[in-house]
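Observations on the model geometry
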Amino acid sequence: MNDHWLVRQSTIRLLWIVFAVVLAATVSMDLAIEHHPYFGLDGTLGFGAWFGFVSCVAMIVFAKALGAILKRPDTYYDS
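Some remarks on the overall build of the protein
The helix and strand inventory of the protein stands at two helices and zero strands. Computed over C-alpha atoms, the radius of gyration of the protein comes to 21 Å, more than 25% over the 12 Å expected from 2.2 N^0.38 for 79 residues, which places it beyond the range of a compact globule. Over its C-alpha atoms, taken along the principal directions, the protein stretches across nearly 65 × 50 × 10 Å. Just so you have it, the protein exposes about 7400 Å², and 71% of that area is on carbon and sulfur atoms.

A look at a nonpolar patch on the surface
A contiguous nonpolar patch, built from Leu41, Trp50, Phe51, Phe53, Val54, Val57 and Val61 and spanning about 680 Å² of accessible area, is present on the exposed surface. By relative accessible area, which is 47% here, valine 54 ends up partly exposed.

Details of the packing of aromatic side chains
Evaluated as defined, the whole model comprises four aromatic pairs. Ring geometry for tyrosine 76 and tyrosine 77: centres 4.9 Å apart, planes at 85°, overall edge-to-face. Classification of tyrosine 77 as exposed rests on a relative accessible area of 76%.

Brief notes about the UniProt feature "transmembrane region" (unreviewed entry) in the protein
Cross-referencing UniProt, the feature "transmembrane region" (unreviewed entry) maps to residues 12-33 and 45-70 in the present numbering. In residues 45-70, helix accounts for 92% and strand for 0%; the two terminal C-alpha atoms are 39 Å from one another.

Thoughts on the environment of glycine 40
In this structure, glycine 40 sits in the loop between α1 (9-29) and α2 (47-70). Take glycine 40: its relative accessible area is 68%, and that puts it in the exposed class.

Looking at the side chain of aspartate 30
Assignment of secondary structure puts aspartate 30 in the loop between α1 and α2. Salt bridges are absent for the buried aspartate 30, whose nearest opposite-charge side chain, arginine 13, sits at 27 Å. In this structure the side chain of aspartate 30 is engaged in a polar contact, spanning 2.7 Å, whose partner is the backbone nitrogen of glycine 46. Residue contacts for aspartate 30: discarding those within four places in its chain leaves His35, Thr44, Leu45, Gly46 and Phe47.

What to know about the environment of valine 54
Note on placement: valine 54 falls in helix α2. Between the C-alpha atom of valine 54 and that of aspartate 30, which follows or precedes it by 24 residues, the distance is 18 Å.

Looking at the side chain of threonine 11
By secondary structure assignment, the location of threonine 11 is in helix α1. Judged by its relative accessible area of 12%, threonine 11 is buried. Leaving out residues up to four positions away in the same chain, threonine 11 has contacts with Trp5 and Leu6.

Definitions and limits used
- Residues numbered from 1 in each chain as written.
- Predicted model: local features only at pLDDT ≥ 70, side-chain atom pairs only at ≥ 80, totals over all residues.
- Heavy atoms only, no water.
- Helix = DSSP H or I, 4+ residues; strand = E, 2+ residues; numbered from the N terminus.
- Rg over C-alpha atoms; globule rule 2.2 N^0.38 Å.
- Areas by Shrake-Rupley, 256 points an atom, 1.4 Å probe, with all protein chains shown as cover.
- Patch = residues over 30% accessible without salt bridge, like charges linked within 9 Å, V, L, I, M, F, W, Y side chains within 5 Å.
- Salt bridge = Lys/Arg side-chain N within 4 Å of Asp/Glu carboxyl O.
- Buried < 20%, exposed > 50% of the residue type's maximum accessible area, 1.4 Å probe, protein only.
- Phe/Tyr/Trp six-rings, centres within 6.5 Å; stacked < 30°, edge-to-face > 60°.
- UniProt positions renumbered as here; feature names shortened; annotations may be inferred.
- Lys, Arg positive; Asp, Glu negative; His and termini not counted.
- Polar contact = N/O pair within 3.5 Å; in protein donor to acceptor, adjacent residues only side chain to side chain.
- Contact = heavy atoms within 4.5 Å.

Structure (structure tokens):
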């Protein structure tokens, strides 16, 4: 069996580990940076990481809700 390398379980596990290490390194480097927060919240640890995650989740929820509102039946353009 000749599976694509991105489908193999070992590759998926390795990618998750690599992504977790990169995320941890990025958030830990946030400790070495002096923050100049404009608002009080943007000076917290890992602000970019958690704000980006929350923003993506909000966009997905909004898109799903908008799709449910604007959905038309399959026969909408039929005669």
